[in-house]
Amino acid sequence: MKLTIQQLLAAMWQDYLALTPDAKPIHQLFARQNQGVVVNDHIALRTFNLDKVALDKIARPFLAAGYQSADDYQFPAKKLYARYFQHPDETLPKVFISELKVAELPDNCQKIIHDLVAQVPESTVDEQTFCYSGRPWRLSIDQYQTLAAQSEYAAWVAAHGFRPNHFTVSINHLRSHQDIHSLNQLLLDNGYTLNSSGGLVKGSPAVLLEQSSTLARKIDVSFDDGVLTIPGCYYEFARRYPMADGRLYQGFVASSADKIFESTDTGRPVP
Ligand code: NI
């Protein structure tokens, strides 16, 4: 049975909560202060740029639901390409999909990723629910660690598979907090750890977008040969500013997104 876009997004949210212990209490914190209404600015998905599972495949259910392709971005240092999709119904979150340029990794990592993707049945990718179906391959701890040494992003996708990487609260839609700095302070006061790479706030009013995020909390993940405690997903917060024509800027800022990607890094000291 085909899901409506609202059902698909709701199912993605439920899947995301399972990997993001901080998300539910933070959502409730804002819901209590905003008459139950917390609007998502965007949802982010990650993949590898191999044909079978590439960005355009992940985008299909959203395009089928009326989303339209918008701007794209390059992240050379992280070997990533990304594109976002927007729906004419502005109450629906934007969908930001990134893909790792596999050919730019060392040969041993390329081989691991090709072996993983070879295990994915084509029919699974065609399913509307593929974007939150989880990990469709077997993976050893050694394979995970080999990838993590070269690309935190590759290791994250290998370990978690196809699931929302983060949801993002639209600060513009919060009555309780219009200022990202006070929002961050509320989260810190409540004991949450924020990503401080490049400062707590990425971007500025001058670039029309301010963003911050929690640091992905570590969760237990099963591998073929054991369990590791590794970063899950994070929660992001975005405030948009109006362009010259008065409409809110809807795009992204590559230098900010570059730092936000690090919210799932394993190597960060946990304060
Ligand atoms: Ni984001």
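A short tour of the structure in this document, coming up. (Residues numbered from 1 in each chain as written. Predicted model: local features only at pLDDT ≥ 70, side-chain atom pairs only at ≥ 80, totals over all residues. Heavy atoms only, no water.)

**Points about the packing of aromatic side chains**
Stage number 1. Here the structure, examined in full by the defined rule, presents 20 aromatic pairs.
Stage number 2. Seen from their ring centres, Y84 and F252 are 5.1 Å apart, and the 70° between their planes marks the pair as edge-to-face. Here F252 lies in the loop between strand 10 (234-240) and helix 9 (254-260) and Y84 lies in strand 3 (residues 80-86), a separation of 168 residues in the sequence.
Stage number 3. Accessibility expressed as a relative area gives 5% for F252, which makes it buried.
Stage number 4. Residues Y144 and F223 carry aromatic rings whose centres are separated by 5.2 Å and whose planes lie at 55° to one another, so their mutual orientation is tilted. (Phe/Tyr/Trp six-rings, centres within 6.5 Å; stacked < 30°, edge-to-face > 60°. Helix = DSSP H or I, 4+ residues; strand = E, 2+ residues; numbered from the N terminus. Buried < 20%, exposed > 50% of the residue type's maximum accessible area, 1.4 Å probe, protein only.)

**Some points on the environment of D126**
Stage number 1. Inspection of the secondary structure assignment puts D126 in helix 5 (residues 122-126).
Stage number 2. For D126, a relative accessible area of 52% corresponds to the exposed category.
Stage number 3. Residues D126 and Q110 lie 16 residues apart in sequence; the distance between their C-alpha atoms is 24 Å.

**Quick word on the coordination of the nickel ion**
Stage number 1. Looking at the nickel ion, one finds its protein donor set to be H42 (NE2), H166 (NE2) and E236 (OE), positioned 2.0 to 2.1 Å from the metal centre.
Stage number 2. In the primary sequence, the donor residues of the nickel ion line up as H-x123-H-x69-E. Of this pair, H42 sits in strand 1 (residues 40-48) while H166 sits in strand 5 (residues 164-170), and the two are 124 residues apart along the sequence. The residues H42 and H166 share a single accessibility class, namely buried. (Donors = N, O, S within 2.8 Å, 3.2 Å for Na, K, Ca; no water.)

**Details of the pattern of salt bridges**
Stage number 1. Under the definition given, this model contains 11 salt bridges.
Stage number 2. Ionic pairing is found between R163 and D15, a salt bridge with its closest N-O pair at 2.6 Å. Linking R163 in the loop between helix 7 (152-160) and strand 5 with D15 in helix 1 (residues 5-19), this pair joins segments that are 148 residues apart in sequence.
Stage number 3. The residue R138 makes a salt bridge to D224 at a minimum N-O spacing of 3.7 Å. One end of the pair, R138, is in the loop between helix 5 and helix 6 (141-150); the other, D224, is in the loop between strand 8 (218-223) and strand 9 (226-231), with 86 residues separating them in the sequence.
Stage number 4. Overall, the relative accessible area of 57% leaves R138 in the exposed class.
Stage number 5. The exposure class of D224 is partly exposed, given its relative accessible area of 40%.
Stage number 6. When salt bridges with common partners are traced through the structure, they connect D41, K94 and R240 into a single cluster. (Salt bridge = Lys/Arg side-chain N within 4 Å of Asp/Glu carboxyl O.)

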